[in-house]
Each structure stands twice: as C-alpha cells, then as structure tokens.
Amino acid sequence: MPVLVDPSKRVLVQGITGREGRLRTRYMLDYGTRVVAGCAPERGGQEVFGVPVFADVATALQAAGPFDISVIFVPGPAAKSAAMEAIDSGIPLIVLIADRMPLYDVLEICAAAKRAGISVLGPNTAGVVVPDQAVVGLVGGSAKSARGWLHPGPAGVISRSGGMGVAAAYELGRCGIGVSALVHVGGDAIIGMRMHEIACLFQNDPDTRVIALVGEIGTSQEEQVAELMKAGKITKPVVAHIGGRSAQSGIRYSHAGAIVERGLGTYAGKKQAIESAGGVVVGTFPEFSKAVQRFL
Amino acid sequence: MARLTEFQSKELLRSSGILTPKGAVGATPEACGEIAAQLGGTVVVKAQIGATNRAEIGAVRVVSSAREAATAAREMFEATEAAQILVEERIKVAAEYYVGIVMDDRERCPVLLASASGGSGIEQRESTIHRISLDVLADVSPKQFLAFTIAAGLPEDASLVLERLWRLARRSDARSAEINPLARSENGQLIALDCRISIDDYSVFRHPEFGIDFARETAAPPTELDHIAWKLESDDYRGTFFFLQLPRQHEGWPLIGFHGCGGGGAIAALDALSRAELEAADFVDTSGNPPASKVYRATRIILSQPGITGYFLCGSGMASQDQADLARALVKAFREENLEIPAVLRLGGNGEDRAAIIMQRYAAGAGAAIETYQKEHSTEFCVSRLRHLVEANKQTPHRPNLGSAGEMRAQPPAAYSFETRTGQIHYEHALCKLCESKACIAACQPDILKLVDDLPVLAISAADAKRGRCTECLACEEECWNQGNHGATIDFPIAGLLAYRKEHASSS
C-alpha cells in the first residue's frame, strides 16, 4: 500500500474553480489521481474537466462521497474555514496547499484535526506524489514533467522544501534508484504531519527501503526523527541533507519554519542528533544519491 | 519587523491590565530629558532596539536626574540604531519572575512558561522553567492558570498576569510574548519591567494598529533597501519576493548579489556559496510563481548593492514555475543595468530550455561573463563556476546604474501606451511601422495584442489590461529587442530605488 495516496483514493478538491485549483486538477487527473468532486461557494452545478462542483463540502459528500482526501487550494486567509469544513465532514486526510496562513488559524486547524482523528498535510505544502500512480497537490508541476522527473523506487523522500524535495527525487531517479513516495510536509513552523510521522509511514511501507530526509534549520522535526531512531521505532536507514549550515541565528530564511531561535533548530544540533542515532548526514546535495545507494 | 518594541509591548500589557512602570518614549535627547523631569527622581533609560543584551552594551542605564537622562539618551542615539528611547520610573525590586507564551512546534500549540527565577540569563536556567500546553479551541479557566502558577512556584497573584498575557497574545496573533522580569516591587506590586512581543509575520495584515512596516523576523533592524523591497512585496501579492540584506560575516570574501528561487533551494545555495568562501550580500527568494515584472524588480533591487562582484541565481533546479519568465526578467534588468560583473544562473525546471536560449541570446552580446545552467548541473558546480569567473574578472566591483530605468517615465511622444497592473507599456509606432517581424504579437503570452494598420495595439480594453489581463510577462519587449525594431519599452517603477542608488553611490 503506497504512502498517503494511490489511484484508488477518492479525492475532493476545495477551491477547484480558482486559477490554481483548476490547473492542479488538470494535472492530478492527467497523472492518474481519482478526483471525484470539487467545491466552490456559489459555483455548485458547474464542472471542471468533467469533475462535478458543489457549493460546499457537506453537499459534495452527500452527492459524491465518501472522500479519502481533500486537497485545499483556497488561499491563506480563507483557508481556515475550508479546512474546518473538511474536518467537520470527517475526511481522513486534508492536504492544505495555502502559504502565508496566519499562525492561530493553523493552530486551530491542528487542534481540531487532532480531536477528530484527522491527518493534515501542510499548510504551505506542495503535496505528495507516488511516482507513476497518483499525486495530490502540485508537487512535480505538470503530469508531463512529473513523469519525466520522478521514477518509482525504494527511497522514501520527506522534505521541508517543495523544490528541494523534487530535486532529491529527481537525483535519486537519475541515479537509477527512484522513490516510493515524495512527501512535502510544508515549510512553516507549525504544520500538521511532521517529518517523523511521515517517517513512520515509510517504516511500515514494504516498498520503502531507505528514508531520505531533506531538512533545514528551524523546528524540531529532524531531531524528532532521530528520537524515533534511537527508540527503535524507525529501523530503516536514514540519509539526510540539512540546509542552513551557513545561516545566522535570529534570521528567518523565507520559510516560516527556517529560523534558529534560543539556540534551537541549528544545523549542528540536527546533524548531531541524526548521526548519533545512526543516520547519515551528507555534506552536499550531490552526495545524497551516493549515500542512499550504499544502503541498497 | 514583526517584533514590537518594548514600549509598544508594554502599552499592550497596560491595555490588558498588567502593570508596567510609568514612562514614555522620546525621539530626541531633549524629549527624553523632559520625560525624566516629569517622572522625577531616579529613572531608567532604555534604547528601543532588538538586542537582548542591552545592559551589556550600555543601552539600558539608571540615572538620577533629567540632565543625566538626556545625556544618556544622546549617547544611546549615537551608539545604537534606536529611533526611540524609553524613559521610565525605577522600580525597587524584591523578587524577579519570568513568564511567557511561545509556540511549540512538536505539540503544535502555544505553551505557557513560568519560572520563579526570572531576570537576565533566564536561557541558562532552562531547568527552572515550568511549562503547560494551551488549547486554542477551549477557554482556559482561571483555575487552570492558578494551578499552574502555584506549581511553577510563582505567587498566586501572578496567575492573573499569566491569564491576561495569554489573552493578549491570542488577540494580537503573537508568536511569542515574554515578560522578563515580572517583578515583585518593594511596595508589593507585580509589575512587568521588560517585555518582548513578536507578532506572527503572516497575521500582520490583521493588525494595522501596530504600524508594522516590515513583517520579517531578522536579527538586525531592516535596512533602507529591505524597506524598499518589503514595500514591493506587500503591494503585489502575486508570488513571493523575500529580501533581506545580510550582515557581513567574512570581510575578505568576494561579495555576491544572491538571488534564490524557492526557500529550500535558496538556503542550500547559500550554504554552497559559503563553502566556496563567497559571501552573499542578501538572502532572496522569488518563488510561488511571481510574474516576470516582480522578478525583474527583485533583480533591480539586488543590483542596487554597490560592491558586489558577482550575481548568482539559484533554485532547487526543479522549479514548477516557468523559467523563461525568470530569464526575461533577468535580461531586462541586466540590459538596463549594463551589467559588468559576472553572473551565473541556474535556471532549472519547467521551461528551462527556452530560458537558456533567452539568456544565451543576451549573453552573446553582453559585456559581462554570463553563464546559464540547467537542472543537470548541481548547485556546487554552478558555485565553482561563479568563483572562477569572479576571480578572473579584473573589472571594478558593481556600481549601480544611476539612469532612469525602473522609473515611470513620461509617455514617449507618438507612442501607443497602456497601463498594466504595476507599470506601463509603450510601443513607439514610428519604429513599429518599420519593423518587419511584428514579433511582439506572437510573443505575447496572454495573447492580448493585435495588429491594426500593421501596428501593435491591445486586442482587449485598456481597463482589462490594467486589471491583470496583461500578465507582465515581458515577452513583447524581449522579442522586440531580439527580432524587432526596439519599439517596445516597459516601465516597472520601484518606489524610492533611484534615490537610494544615488545616495549610496555618493557615499561609497
């Protein structure tokens, strides 16, 4: 069973009639994702590439449900109410694409999802792709580029950067390794599913033999992966690249989560944590594939 | 930046019913002296700057007269970048506590912190800090605050301070709010002697009352150029343009104008530069599919830094946004700048072949060494090329061009002009008449041009073009310069940039 998405999963697209929603629906359909319904207030009754559009999640659920995943393309300030709608409707996985979401909106979404037993990927995520099977979100660009760039294989990639995640998957493919799935957890400080939770999914995924982390300074995500490795809960080999070795403390480097504060989230701290747990931290990006190859 | 000053933070505390010392801010030494005179007696003079070690650097001083207060303020204005200095009554302290709200990315919730051992150096007494998670969906009861307060070893009346601080943090969208110290004065009051509140950058739009004019977490105060760039970002929501000038870390290293695309790719590129002993003058991220006009302006801003000896654009190599947009933006900015320093561009991802053609076409006739690479070439390789070109280049470091490019000009006589969302496009029809290619028509990406009497004009209404149907892709101008008769010119002004360049040209 692939990680998070596969062609059997029934996907709802919230904000399907917007510029991004429309474009990415095209891409997901072309790639093989089973997009079964869309939502947009006041656009109920329309169709987008043959996908029926409903005014809200509850109506969509009644007419075209159940859904396994909702992917939300509603922009930042309005994304909270869209996410809450999906949580209220009990959709088990929500993929929140919006960037620049206000902090307390995200905190409320995380708390409500936790209470309801629902998983949230994002915000500020490009989504998840299982090569040649299904994509949810925008990772990979277009179906054509995704097919050219991403190939199936034994490496499970978890990234805090959309672009670097694809770059890692591309390199792994170019070296003949390929990836079981690429999951972008999002660049913000407060996010739903974090690296260690995705790492557990890869631990249980028979198609994954190595876990590849594309990390960066800030937050405690890489450290948490290391903790699970030490606790024996993650036993597959872990190879990591961590950006921000040259970063200065107190400066946020574009991503909301990429900031070293109170001495926490440093490059050195993350490297030490992963290495002491038995993982490999590569110095430069081109070394990534070589390091992964050693475990295959 | 989204960090409030101590005085702003204290005003918020006061409005929430938390006691603070009496005081006010002054913008001149004289004003500070007057505040001290009004307060009378011993006062504390505190520069309103972001540094956490103010006492060590002389930015907090206790003085006993108005004249001394004015003198201390004058010295602080000279020695620090403070725009305001706080003068407040001196509180005699019997005990010091620490209380705060910060975000816990593990639990994904705010946490309340408290220590009975407050005051400076709290970071070194981490073990004395008690913590409890707060539920953003439920009302935390006064009882819960009280129980926590007692457990943390603080006096019971601090419970109300904690409760009020939490409500204030929530209401203000604060990502952190800390009072250190929260003091027990000798006359028995609980009073906040120092306070730091930081507003979430992405929530700043909800709080015009704070007057935050730069919503970025930084270590140093924003520079003039940071402000110019921030204005551009906040005025144009299409895509991201993140710009920060970086403090100089290695004096001997060549200074590079750095242009990252995508946050993660930009961070990795910064590391690669540093490994090659090249110093980035700035940290930039243009991503999220910005229009070419925004990337053009970003490039102009990066090139407003005198003394850079190279230009480096680098992303993850796998961008989903069209790299040809980036290439056109760079070419326009480089051409107007008459760039003389070497540039290495890693344009990888969608549209990279087309982007490479656009760059190479320009590079063939350019005065500077410009090399373009695609996704097959690693960041490390591109940096090594840059290092080589910078070392080989015998020209002087970059001097920003003081010409009028990037300014909104008067409409050229006899030109056909229309407005776009953020600029103006002119077609000088006298030149267009002699043009055989009419390449602008085919190049236009949103397809909004047509030929009338063999001359390019809008095929849509001028109002629609201004509303955004013209996507500011720069393709008409780019093709006109390559195949046409140079009749097309586009102005994308940047408020304050030319003045900035002139000022910094004369001073350097």
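None of these values were measured; they are calculated from a predicted model.

Caption draft 1: Representation of the overall build of chain A. On a plain count of helices and strands, chain A comes out with ten helices and 14 strands. Computed over its C-alpha atoms, the radius of gyration of chain A comes to 18 Å, within 12% of the 19 Å expected for a compact globule of 296 residues. Seen through its C-alpha atoms, chain A measures out along the principal axes to roughly 55 × 40 × 30 Å. Taking as baseline every contact in chain A between residues at least 6 positions apart, the subset at least 24 positions apart corresponds to 73%. Of the accessible surface of chain A, which amounts to about 9,900 Å², a share of 53% is contributed by carbon and sulfur atoms.

Caption draft 2: Summary view of the sheet that holds strand β1 (residues 10–14) of chain A. Residues and elements named next belong to chain A. Read from one edge of the open sheet, seven strands run β3-β4-β2-β1-β5-β6-β7, paired in mixed fashion. Each edge of the open sheet carries a strand with a single partner, namely β3 (47–48) and β7 (119–121). Here strand β6 (residues 93–96) pairs with β7 via three bridges, running parallel. By the bridge assignment, L93 is partnered in β7 with S119. Strands in contact with helix α1 (residues 19–31) are β1, β2 (34–39), β3, β4 (51–54) and β5 (69–72); relative to β2, the strand with the most contacts, it is inclined by about 160°.

Caption draft 3: View of the nonpolar core. Ranked by size, the top nonpolar core spans 184 residues in total, and within it I179(B) and F312(B) carry the most contacts. Ranked by the residues each element gives to this core, the list is headed by helix α4 (residues 103–116) of chain A, at nine residues. The residues contacting F312(B), other than those within four sequence positions of it, are I256(B), G257(B), F258(B), H259(B), A269(B), L273(B), V344(B), T379(B), C382(B), V383(B) and L386(B). With 63 residues, the next largest nonpolar core counts A324(B), A366(B), F418(B) and I441(B) among its residues.

Caption draft 4: Molecular detail of the interface of chain B and chain A. Of the residues lining the interface, 63 residues belong to chain B; the matching set on chain A comes to 66 residues. Of the roughly 5,100 Å² buried between chain B and chain A on both sides combined, carbon and sulfur atoms contribute 53%. The interface formed by chain B and chain A contains seven salt bridges. Ionic pairing is found between R100(A) and E233(B), a salt bridge with its closest N-O pair at 3.3 Å. Here chain B and chain A share 22 residue pairs in polar contact (both at pLDDT 80 or more) between them. No other element matches helix α7 (residues 263–275) of chain B, which puts nine residues into the side of chain B that touches chain A.

Caption draft 5: Spatial organisation of the sheet that holds strand β2 (residues 43–47) of chain B. Residue and element names in this part refer to chain B. Spatial ordering of the open sheet is given by β1-β4-β2-β3, a layout of four strands whose pairing is antiparallel. The two strands at the open ends of the sheet, each matched to only one other strand, are β1 (23–26) and β3 (60–63). Along the sheet, successive strands turn relative to each other by an average axial angle of 20°, direction set aside. Where β2 and β3 come together, four bridges link them in antiparallel fashion. Residue pairing for β3: V43 is matched across the bridge by V63. Running at roughly 45° to strand β4 (residues 85–89), helix α1 (residues 6–15) makes contact with β1, β2 and β4 of the sheet. Strands in contact with helix α2 (residues 29–39) are β1, β2 and β4; relative to β4, the strand with the most contacts, it is inclined by about 10°.

Caption draft 6: Just the side chain of T33(A), in detail. Residues and elements named next belong to chain A. Topologically, T33 is positioned in the loop between α1 and β2. On the accessibility criterion, T33 (5% relative accessible area) is buried. Every residue in contact with T33, bar those within four places of it in the chain, is listed here: V11, M28, A134, V135 and V136.

Caption draft 7: Region of interest: the domain arrangement of chain B. Residues and elements named next belong to chain B. Domain boundaries assigned for chain B yield domain 1 (22–89), domain 2 (93–205), domain 3 (224–392) and domain 4 (406–491). Taken together, the contact pairs 21 residues of domain 3 with 15 residues of domain 4. Carbon and sulfur atoms supply 40% of the area that domain 3 and domain 4 bury against each other, a total of about 1,400 Å² over both sides. On the domain 3 side of the interface with domain 4, the three residues burying the most area are R328, K332 and R335, jointly 39% of the side's total. Close ionic contact of E479 with R354 constitutes a salt bridge, the shortest N to O distance being 3.3 Å. Our enumeration of links across domain 3 and domain 4 arrives at ten residue pairs in polar contact (both at pLDDT 80 or more). Breaking the side of domain 3 that touches domain 4 down by element, the ones donating at least two residues are α8 (292–302), α9 (323–337) and α10 (352–364). In terms of residue count, the dominant contributor to the side of domain 3 that touches domain 4 is α9 (seven residues). In the side of domain 3 that touches domain 4, the residues fall into seven nonpolar, one polar and 13 charged.

Criteria and cut-off values
Residues numbered from 1 in each chain as written. Chains lettered and ligands numbered in written order. Predicted model: local features only at pLDDT ≥ 70, side-chain atom pairs only at ≥ 80, totals over all residues. Heavy atoms only, no water. Helix = DSSP H or I, 4+ residues; strand = E, 2+ residues; numbered from the N terminus. Rg over C-alpha atoms; globule rule 2.2 N^0.38 Å. Contact = heavy atoms within 4.5 Å. Areas by Shrake-Rupley, 256 points an atom, 1.4 Å probe, with all protein chains shown as cover. Pairing = 2+ DSSP bridges. Axes fitted to C-alpha atoms, helices over the stretch in contact; angles between N-to-C directions. Core = buried A, V, L, I, M, F, W, Y, C linked by side-chain atoms within 4.5 Å. Buried < 20%, exposed > 50% of the residue type's maximum accessible area, 1.4 Å probe, protein only. Buried area = accessible area lost by both parts, 1.4 Å probe. Salt bridge = Lys/Arg side-chain N within 4 Å of Asp/Glu carboxyl O. Polar contact = N/O pair within 3.5 Å; in protein donor to acceptor, adjacent residues only side chain to side chain. Domains from an automatic or database assignment. Nonpolar A, V, L, I, M, F, W, Y, C, P; charged D, E, K, R; others polar.

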